[in-house]
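Chain by chain, the residues run as shown.
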Amino acid sequence: MSREVFFMRNFSLLLDYYELTMAYSYYCQNKHEDEAVFDVFFRDIPDKGGYAIYAGLEQIIDYINTFKFQEEELDYLRKKNTFSEDFISYLKELKMSLTIYSMKEGTPIFPNEPIMIVRGPLLQCQLVETFILLTLNHQSLIATKASRITMVSKGRTIMEFGARRAQGYDAANYGARAAYIGGVFGTSNTYADYLYDIPALGTMAHSYVQSYKTEYEAFLAYAKTYPNNTVLLVDTYNTLKKGIPNAIRVHNEFLKPNGYYLKGIRIDSGDLAYLSIEARKLLDAAGLFDTKITVSNSLDEYSIRTLLNQGACIDSFGVGERLITAKSDPVFGGVFKLSALMEDGILVPKIKISDNVQKMTTPGFKQVHRMYDENNKAIGDVVTLFEEVIDDKKPYLLFDPLYPWKQKEITNYKSKKLLETIFLNGKLVYQKPDLIKIRDYAKESLDTLWKEMTRLEFPHQYYVDLSQELWDLKQSLIVKHNE
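Attention in this report is confined to the structure presented alongside it. (Residues numbered from 1 in each chain as written. Predicted model: local features only at pLDDT ≥ 70, side-chain atom pairs only at ≥ 80, totals over all residues. Heavy atoms only, no water.)

Describing the overall build of the protein chain
Item 1. Counting its secondary structure elements, the protein chain contains 15 helices and 21 strands.
Item 2. Overall, the protein chain is about 85 × 60 × 35 Å in size when its C-alpha atoms are taken along their principal axes.
Item 3. Burial status across the protein chain gives 53% buried among its 483 residues.
Item 4. Excluding contacts between residues fewer than 6 apart, the proportion of contacts in the protein chain whose partners are at least 24 apart in sequence is 73%.
Item 5. Carbon and sulfur atoms make up 50% of the accessible area of the protein chain, which amounts to about 22600 Å² in all. (Helix = DSSP H or I, 4+ residues; strand = E, 2+ residues; numbered from the N terminus. Buried < 20%, exposed > 50% of the residue type's maximum accessible area, 1.4 Å probe, protein only. Contact = heavy atoms within 4.5 Å. Areas by Shrake-Rupley, 256 points an atom, 1.4 Å probe, with all protein chains shown as cover.)

Structure below.
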């Protein structure tokens, strides 16, 4: 259960300044209460991967629930000499009345489909844009990276060890949360354990070994402190000639005589493949067949895959900076785009036209349907208008929205709506799940993807199609705006 006390910090001003200047103009033109619909989506999967993992919804829920301009924030706005006192008074009394639809955290997500829809007064929609994007962009990025890393580990334990390399304490805490959703077993970040019940893990640093006169004395002291959980860092001086022999000696001279067992060793430098193989030989020769080998040192999905392909004898990995910063591709790129606006009592679809086809938006108030075959494998997603119904008892024609002549008729499928109601007119109607349930859901959802979609390089493309009705609407608006 989360212990995060979100309301201790006020994030009402955590927005791009142009959100405020637009909001003030809406207010001055009496457009601030106009009903609008905005889509949250992203365009490219990090690392040219086949899927991403959605994370960050819980923090957005808490943000919306506690949103309020306090006197300090209002005084700051007065000092900008940009906004009228009437507008500042309006902000003081503002209460969120948004209706928000979202996919569940842990859902595999794909480009150009709404993962969240924000509907309500235009001014309110603009004010929440920045926070929603920064939250989803960060946590989805880290959850995706963690999923890629755990995917290649072949069942071995992955631990998130990146707190000290994260870009700030929020990035360390929320990064640990997102990594847990993505599949890591635990974290080095004790505060993340306190907040979210993510198992905190860790044993010793090189400084602990160096603080004793000899490596053996350090190992013995640690074993006496934690006889049930003795994991020794063996690479301070010489891994194979000193570190592992000293670890074995501690087992033979202290742990075993007292009814305990050397739980593990950790190697943090050097040729990890070679050292782990040789370490396994030494441990096995000493009869320590159940002693586990953990490695760390600037690991990521690519280096882990290489180590395992080389036959490394590794039971678990501590992954730090390249996970917590998503170093190989550190930008998720989610966007927040207007898709409809109420005009004279009618919800009018809106579109952004661009010479870059990938940046053209899809208009209208929408829903996302995931299609599954008879083996519960995901076939693809279909973005529809919100009230459209897909009858999975009838054949359905899928077609590529960019190349509509590429078509496939599916039968024996089931359809599931992915966007659930989170807030209804400002009231939270969604029950936030525990983090472990989110993590389990992410794992179960990933199992519905074909393995070809989860490989690191050249993954099979997952299709996100438009319904015929939505595609026709989009084409009609393109024609209209090009006349």
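Side note on the environment of Phe69
Item 1. Position of Phe69 among the secondary structure elements: in the loop between α2 (57–66) and α3 (71–79).
Item 2. Among residues more than four places away in sequence, those in contact with Phe69 are Ser12, Leu13, Leu74, Leu77, Leu91, Lys92, Leu94 and Leu127.

Observations concerning the nonpolar core
What tends to happen in soluble globular proteins is that the nonpolar side chains get buried as a cluster.
Item 1. One finds Met116, Leu127 and Phe317 to be the most contacted residues of the largest nonpolar core, which totals 142 residues.
Item 2. With 15 residues, the top contributor of residues to this core is helix α5 (residues 122–152).
Item 3. Here Leu127 is in contact with Leu15, Glu19, Leu20, Ala23, Tyr63, Phe67, Phe69, Leu91 and Leu94, once residues within four sequence places are set aside.
Item 4. Counting residues in each nonpolar core, the second largest holds seven residues, with Met371, Val382, Ile390 and Ile410 among its members. (Core = buried A, V, L, I, M, F, W, Y, C linked by side-chain atoms within 4.5 Å.)

Notes on the state of the cysteines
Item 1. Taken as a whole and judged by the stated rule, the model has zero disulfides.
Item 2. In this structure Cys28 is a free cysteine whose sulfur lies 19 Å from that of Cys125, the closest cysteine sulfur available.
Item 3. A residue is classified by how much of its surface remains accessible, and Cys28, at 44% relative accessible area, is partly exposed.
Item 4. Exposure remark for Cys125: the relative accessible area of 0% places this residue in the buried category. (Disulfide = S-S within 2.5 Å.)

Remarks on α3
Item 1. Regarding α3, the residues found buried are Glu73, Leu74 and Leu77. Mapping the buried residues of α3 onto a view down its axis gives an arc of 100°, with all of them on the same face. Those residues of α3 that are exposed and angled more than 90 degrees off the buried face are Glu72 and Lys79.
Item 2. Buried residues along α3 sit against α1 (17–28) and α4 (85–93).
Item 3. Once α3 ends, the next one or two residues include Asn81, with phi positive near 55°. (Arc of directions from axis to C-beta.)

Examining the side chain of Gln367
Item 1. The topology assignment puts Gln367 in strand β14 (residues 366–372).
Item 2. The class for Gln367 is buried, based on a relative accessible area of 3%.
Item 3. Engagement of the side chain of Gln367 in a polar contact is seen with the backbone nitrogen of Leu419, the distance being 3.0 Å.
Item 4. Beyond its immediate chain neighbours, meaning those up to four positions away, Gln367 contacts Val382, Val383, Thr384, Leu385, Phe386, Lys417, Leu418 and Leu419. (Polar contact = N/O pair within 3.5 Å; in protein donor to acceptor, adjacent residues only side chain to side chain.)

Digging into the sheet that holds strand β21 (residues 464–466)
Item 1. Strand order in the open sheet formed by four strands is β18-β14-β15-β21, with mixed pairing between adjacent strands. If you trace the sheet from one side to the other, it starts and ends with β18 (414–417) and β21, each paired once. Averaged over neighbouring strand pairs, the angle between their axes works out to 30° when direction is ignored.
Item 2. Two strands pair when backbone bridges link them, and strand β15 (residues 378–385) and β21 are joined in this way by three bridges, in the parallel orientation. (Pairing = 2+ DSSP bridges. Axes fitted to C-alpha atoms, helices over the stretch in contact; angles between N-to-C directions.)

Thoughts on the sheet that holds strand β6 (residues 157–160)
Item 1. Taken together, six strands build an open sheet; the order of strands is β7-β6-β11-β10-β9-β8 and the sheet is parallel. Two strands in the sheet have a free side with no partner beyond their single neighbour: β7 (186–187) and β8 (231–233).

Quick notes on the packing of α2 against α5
Item 1. For the pair α2 and α5, the least separation of the axes is 9 Å and the interaxial angle reads 160°. By the criterion of interaxial angle, the relationship of α2 to α5 is roughly antiparallel. Like other packed secondary-structure pairs, α2 and α5 cross with a definite hand, here right-handed. Contact with α2, carried on its side by Leu57, Gln59, Ile60, Tyr63 and Ile64, involves Leu127, Val128, Phe131, Ile132, Thr135, Leu136 and Gln139 of α5 and no other residues of that element.
Item 2. Taken together, the residues of the contact of α2 with α5 break down into nine nonpolar, three polar and no charged. (Parallel < 35°, antiparallel > 145°, perpendicular 65-115°, else oblique. Left-handed = near helix turned anticlockwise from the far one by under 90°. Nonpolar A, V, L, I, M, F, W, Y, C, P; charged D, E, K, R; others polar.)

Here we look at the packing of aromatic side chains
Item 1. Within the structure shown, the criterion is met by 22 aromatic pairs.
Item 2. With a centroid separation of 5.0 Å and an interplanar angle of 55°, the aromatic rings of Tyr24 and Phe87 are classed as tilted. Placement of Tyr24 in helix α1 and of Phe87 in helix α4 is noted, with a sequence separation of 63 residues between them.
Item 3. Note on Phe87: relative accessible area 0%, which makes it buried.
Item 4. For the ring pair Tyr208 and Tyr212, a centre distance of 5.3 Å and an interplane angle of 55° mean the geometry is tilted.
Item 5. According to the relative accessible area criterion, Tyr212 is partly exposed, its value standing at 29%. (Phe/Tyr/Trp six-rings, centres within 6.5 Å; stacked < 30°, edge-to-face > 60°.)

Notes on the side chain of Ser153
Item 1. With respect to the element layout, Ser153 can be found in the loop between α5 and β6.
Item 2. When its relative accessible area of 2% is taken as the criterion, Ser153 is described as buried.
Item 3. Other than its neighbours up to four places away in sequence, Ser153 contacts Ile158, Ile304 and Leu308.

So, the pairing of β6
Item 1. With four bridges connecting them, β6 and strand β11 (residues 316–319) associate as parallel partners. Across the sheet, the residue bridging to Glu160 is Val319, located in β11.
Item 2. Of the strand pairs in this sheet, β6 and β7 are connected by two bridges, and their pairing is parallel. For Met159, the partnering residue across the bridge sits in β7 and is Gly186.

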